[in-house]
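Structural description and commentary
Take a look at the letters that make up each chain.
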Amino acid sequence: MATATAAPVDERIKNLGVTRQLLARPEIGALLGAVVVFAFFAVQSSVFRSGAGVANWLDPASTLGIMAIPVALLMIGGEFDLSAGVMVGTVGLTIGLLTGQYGMNTWGALVIALALALALGFFNGYLVVRTKLPSFIITLGTFLMLQGLNLGVTKAVTDTVQADAIDTAPAYRPAYDIFASTVSVGGVEFRVTILWWIALTALATWVLLRTRFGNWIFSVGGNVQAARSVGVPAARTKVVLFMTTAAGAWLVGTMSALRLTSIQANTGIGEELIYIVAAVIGGCLLTGGFGSAVGASLGALIFGMVQQGIVYLGWDSDWFKFFLGAMLLLAVFTNQFVRRLAEESRR
Amino acid sequence: MSETAQADPVPAAAPEAAPLLEVRDIGKYFGSVIALQGVSTQVAPGQVCCVLGDNGAGKSTLIKILSGVHQQDTGEYLIDGEPIRLANPRAALDRGIATVYQDLAMVPLMPIWRNFFLGSEPTKGRGPLRRLDVAKARDITRRELAGMGIDIRDPDQPVGTLSGGERQSVAIARAVHFGARVLILDEPTSALGVKQAGVVLRYIAQARDRGLAVVFITHNPHHAYPVGDRFVLLKRGRSLGDFAKSEVGLPELTRLMAGGAELEELSHELEREPQA
């Protein structure tokens with residue numbers, strides 16, 4: 001992970017070379033990918049490389065990135081959360097119904113939605129560590145349940161498949177300013193979500209590489225038996241990771257509810273796989289124990305660029321999914337290759 | 001948690017020192033199966049006690065009792081002369097009894113220094129700014145391993161890239177650093193080549209010279225004899241004897257291990273008929 005600093009010189013590590021040391025880092029593949037994708041679109045489209053264009057593709061990248069980071073941490077910890085996408089919808093709908101339908105104060109609705117999200121995350125995590133079943137199957141269950149609940153409750157309350165009029169609630173404006181407004185930089189309006197994204201990337205990287213908890217995340221994903229035997233609270237670590245993912249879903253759900261002022265009952269369905277893809281493009285191993293938060297953010301950045309870049313080039317947006325699939329395969333191959341190189345280079 | 005007492009490098013203790021760990025007539029039953037019966041031995045600081053036996057001899061049961069995984073059904077288990085019952089492995093650790101299992105408690109993809117301090121990471125700063133003291137962790141890892149005579153290339157190297165012998169050595173160094181007084185090693189040399197086994201035996205001797213009481217489980221008398229001070233031979237859950245080094249020689253140990261007569265019979269069986 002971190003490169004050696006101030007280590008006494010050892011003749012056996014001299015010949016490692018900068019390239020090989022760089023290649024040992026999980027996010028290097030995603031960095032190269034991001035550079036290539038940027039160059040590809042920037043050369044062909046002047047709008048893509050303009051200030052407004054940059055703001056435009058950073059916008060979807062930011063909300064995706066905010067989710068991809070906790071999903072990456074969870075994957076490093078050896079688990080998946082398939083309910084992460086639909087949970088964004090659950091949070092948005094909760095806020096939408098409480099504010100738009102019942103006229104609740106926006107802050108109150110946000111707090112209730114957060115409590116709900118954390119409870120769902122705890123539920124996922126607790127079931128996984130108690131039953132020792134694969135998280136894939138447990139969260140597939142919560143995914144389907146939430147999908148049904150989102151639709152059922154929304155229909156029952158509003159008689160439609162959406163919750164709207166979120167902006168009519170008290171204290172909507174200050175909440176909007178924090179979670180969904182734009183910030184002007186050099187005459188270009190950037191979404192505030194981009195700042196959240198950058199801050200969370202930095203925070204997650206720090207937690208992962210520089211705290212005890214980060215060490216525990218790597219260990220429970222890398223070898224949970226070993227972690228437990230040296231006193232790492234493995235179950236607690238995993239539950240906290242599931243709750244962190246849920247907190248991410250709350251943040252993104254809040255952002256989209258406040259920004260769109262109405263939210264569809266099917267929001268977030270299918271997004272869970274995109275988060276995982278972004279994390280994998282960012283160098284997370286599917287088997288756990290390896291990956292980075294910066295990588296996941298770079299994965300999200302690639303998504304944002306491709307999604308908007310295709311529009312700028314005037315292509316049919318149907319090609320987006322094809323491109324994603326190809327990116328994923330490429331990323332998995334690169335990860336495998338990089339990992340092998342990393343291990344060889346250290347021998 | 002952040003700072004753990006380092007084991008004092010005690011000069012090699014006198015062999016006749018009071019036993020640190022002692023078992024008397026210890027036994028364990030699993031239902032109607034007698035896994036272990038009537039085993040006695042002791043180990044003093046700066047001594048190595050070798051537990052020898054073939055597969056199924058009861059070696060694992062014995063170390064599981066010593067390390068708190070199982071509780072004895074009969075007999076006495078004494079630490080510092082005080083009879084105890086260990087409720088769980090944590091209780092053993094709290095008394096300074098550290099066990100290094102065959103399937104090492106290591107995370108292959110993590111760097112050596114992260115593995116070394118896993119679960120007991122040194123930190124600095126307070127409250128939300130409490131963070132790993134990476135420089136210190138790296139430095140201590142390097143120093144502790146060097147102190148054991150283990151020369152690692154780079155503490156950031158993933159443990160997965162180390163050889164089997166090196167991994168054993170890191171696990172031993174970790175136990176020593178975190179204040180173990182008794183070190184239980186479960187077949188540390190069994191999966192290793194001749195040279196690597198030699199390396200591990202050297203670390204066992206190092207730990208002994210630092211004043212630790214070492215319990216070394218093996219089925220190889222050639223590994224046990226050079227480092228051992230006492231030898232306990234187990235066969236089918238029973239003790240064949242508890243010998244001081246002066247009481248037994250390597251040929252005798254090998255013969256007892258192999259079951260004497262059985263081996264002679266086997267060698268007879270395997271011998272070629274003289275060519276006509």
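What counts and how
Residues numbered from 1 in each chain as written. Chains lettered and ligands numbered in written order. Predicted model: local features only at pLDDT ≥ 70, side-chain atom pairs only at ≥ 80, totals over all residues. Heavy atoms only, no water. Helix = DSSP H or I, 4+ residues; strand = E, 2+ residues; numbered from the N terminus. Buried < 20%, exposed > 50% of the residue type's maximum accessible area, 1.4 Å probe, protein only. Polar contact = N/O pair within 3.5 Å; in protein donor to acceptor, adjacent residues only side chain to side chain. Salt bridge = Lys/Arg side-chain N within 4 Å of Asp/Glu carboxyl O. UniProt positions renumbered as here; feature names shortened; annotations may be inferred. Axes fitted to C-alpha atoms, helices over the stretch in contact; angles between N-to-C directions. Parallel < 35°, antiparallel > 145°, perpendicular 65-115°, else oblique. Contact = heavy atoms within 4.5 Å. Nonpolar A, V, L, I, M, F, W, Y, C, P; charged D, E, K, R; others polar. Core = buried A, V, L, I, M, F, W, Y, C linked by side-chain atoms within 4.5 Å. Phe/Tyr/Trp six-rings, centres within 6.5 Å; stacked < 30°, edge-to-face > 60°. pLDDT = per-residue confidence, 0-100. Left-handed = near helix turned anticlockwise from the far one by under 90°.

All names here are of chain B. Among the secondary structure elements, glutamate 144 is positioned in helix α4 (residues 134–147). Relative accessible area serves as the criterion here: at 7%, glutamate 144 is assigned to the buried category. Within the structure, the side chain of glutamate 144 is placed 3.4 Å from the side chain of histidine 177, a separation counted as a polar contact.

Let us now look at the pattern of salt bridges. Residue and element names in this part refer to chain B. Here the structure, examined in full by the defined rule, presents 14 salt bridges over all chains. In this structure, aspartate 80 engages arginine 181 in a salt bridge whose closest nitrogen and oxygen atoms are separated by 2.9 Å. On the criterion of sequence distance, the pair formed by aspartate 80 in the loop between β4 (74–79) and β5 (82–83) and arginine 181 in the loop between α5 (164–177) and β9 (182–186) is long-range, its members being 101 residues apart. Residue aspartate 80 is classed as partly exposed on the basis of its relative accessible area, which comes to 48%. Overlapping salt bridges, with partners in common, bring together Glu22, Arg24 and Glu76 in one network.

Further remarks concern the UniProt feature "transmembrane region" (unreviewed entry) in chain A. Residue and element names in this part refer to chain A. Residues annotated in UniProt with the feature "transmembrane region" (unreviewed entry) correspond here to residues 28–48, 57–76, 82–100, 107–127, 133–153, 239–261, 273–299 and 319–338. With 95% helix and 0% strand, residues 28–48 has end C-alpha atoms that lie 24 Å from one another. For the annotated span residues 133–153, helix accounts for 90% and strand for 0% of the residues, and the straight-line distance between the end C-alpha atoms is 29 Å.

All names here are of chain B. Where α5 meets helix α6 (residues 194–209), the closest approach of the two axes is 9 Å, and the angle between their N-to-C directions is 10°. In terms of orientation, α5 lies roughly parallel with respect to α6. From α5, Gly165, Glu166, Gln168, Ser169, Ile172 and Val176 reach across to α6, where they touch Gln196, Val199, Val200, Tyr203 and Ala207. Across the contact of α5 with α6, the residue classes tally to six nonpolar, four polar and one charged.

Attention now goes to the nonpolar core. In this structure, A:Met75, A:Trp197, A:Trp250, A:Ile281, A:Leu301 and A:Phe303 are the most contacted members of the largest nonpolar core, which totals 102 residues. Contacts of A:Trp197, omitting those with residues within four sequence positions, involve A:Leu58, A:Ala61, A:Ser62, A:Gly65, A:Ile66, A:Ile69, A:Ser297, A:Ala300 and A:Leu301. Counting residues in hydrophobic clusters, the runner-up holds 49 residues, among them B:Leu145, B:Ile152, B:Ala171 and B:Tyr225.

With that settled, the discussion passes to the packing of aromatic side chains. Residues and elements named next belong to chain A. Applying the stated criterion across every chain, the model contains 18 aromatic pairs over all chains. Considering the side-chain rings of phenylalanine 303 and phenylalanine 320, the 6.4 Å spacing of their centres and the 90° angle between planes classify their relative orientation as edge-to-face. Note that phenylalanine 303 is positioned in helix α14 (residues 293–312) and phenylalanine 320 in helix α15 (residues 319–345), a separation of 17 residues in sequence. A single burial state applies to phenylalanine 303 and to phenylalanine 320, both of which are buried. By way of ring pairs, the aromatic residues Phe38, Phe40, Phe41, Phe48, Trp57, Tyr312 and Trp315 are connected into one cluster.

Moving on, we get to the environment of B:Leu201. Residue and element names in this part refer to chain B. Following the sequence through the fold, leucine 201 ends up in helix α6. Between the C-alpha atom of leucine 201 and that of threonine 189, which follows or precedes it by twelve residues, the distance is 7.9 Å. Leucine 201 has contacts with Thr189, Phe216, His223 and Val227, leaving out every residue within four places of it along the chain.

All names here are of chain A. You can see isoleucine 274 is positioned in helix α13 (residues 271–281). Take isoleucine 274: its relative accessible area is 15%, and that puts it in the buried class. Separated by 54 residues in sequence, isoleucine 274 and leucine 328 have C-alpha atoms that sit 9.9 Å apart. Beyond its immediate chain neighbours, meaning those up to four positions away, isoleucine 274 contacts Leu64, Phe303, Lys321 and Leu324.

Here we come to unusual backbone geometry. Within the chain, A:Lys132 stands out as a residue other than glycine whose phi angle is a positive 60°. Looking at the secondary structure, you find A:Lys132 in the loop between α6 (106–131) and α7 (135–158). Owing to a relative accessible area of 64%, A:Lys132 belongs among the exposed residues under this scheme. Here the phi dihedral of B:Glu187 falls at roughly 45°; this positive angle occurs in a residue that is not glycine. Mapped onto the elements, B:Glu187 comes out in the loop between β9 and α6.

What follows deals with the confidence of the model for chain B. All names here are of chain B. Looking at chain B as a whole, its pLDDT mean stands at 82, while 89% of the residues score no less than 70. The least confident element of chain B, judged by mean pLDDT, is helix α9 (residues 261–270) at 70; the most confident is helix α3 (residues 112–117) at 92. Contacts from residues 1–15, a stretch scored under 50 in pLDDT, to residues over four places away or in other chains number 25 contacts.

The next point concerns helix α1 (residues 59–66) of chain B. Residues and elements named next belong to chain B. Counting buried residues along α1, six of its eight residues qualify, which places the element largely inside the surrounding structure. Of all the residues in α1, the buried ones are Lys59, Thr61, Leu62, Ile63, Ile65 and Leu66. Once α1 ends, the next one or two residues include glycine 68, with phi positive near 90°.

Here we come to the packing of helix α5 (residues 84–101) of chain A against α7(A). All names here are of chain A. Where α5 contacts α7, the axes come no closer than 9 Å and their chain directions differ by 20°. As the angle between them shows, α5 and α7 are arranged roughly parallel. In this structure, the crossing between α5 and α7 has a hand that is left-handed. Packed against α5, whose contacting residues are Val86, Met87, Gly89, Thr90, Leu93, Leu97 and Gln101, the element α7 presents Phe143, Leu146, Gln147, Asn150, Val153, Thr154, Val157 and Thr158 at the interface. In the contact of α5 with α7, the residues fall into eight nonpolar, seven polar and no charged.

Turning our eyes to something else, we now look at the confidence of the model for chain A. Across chain A, the average pLDDT comes to 88, with 90% of residues at 70 or higher. The low-confidence segment residues 1–15 of chain A (pLDDT under 50) makes 28 contacts with residues lying over four places distant or belonging to another chain.

The next thing to look at is helix α10 (residues 212–222) of chain A. In an α-helix, one turn spans 3.6 residues; hence positions three or four apart end up facing the same way. Within α10(A), nine of the eleven residues are buried, which leaves the element mostly enclosed by the surrounding structure. Where α10(A) is concerned, the buried positions are A:Arg212, A:Gly214, A:Asn215, A:Trp216, A:Ile217, A:Phe218, A:Ser219, A:Val220 and A:Gly221.

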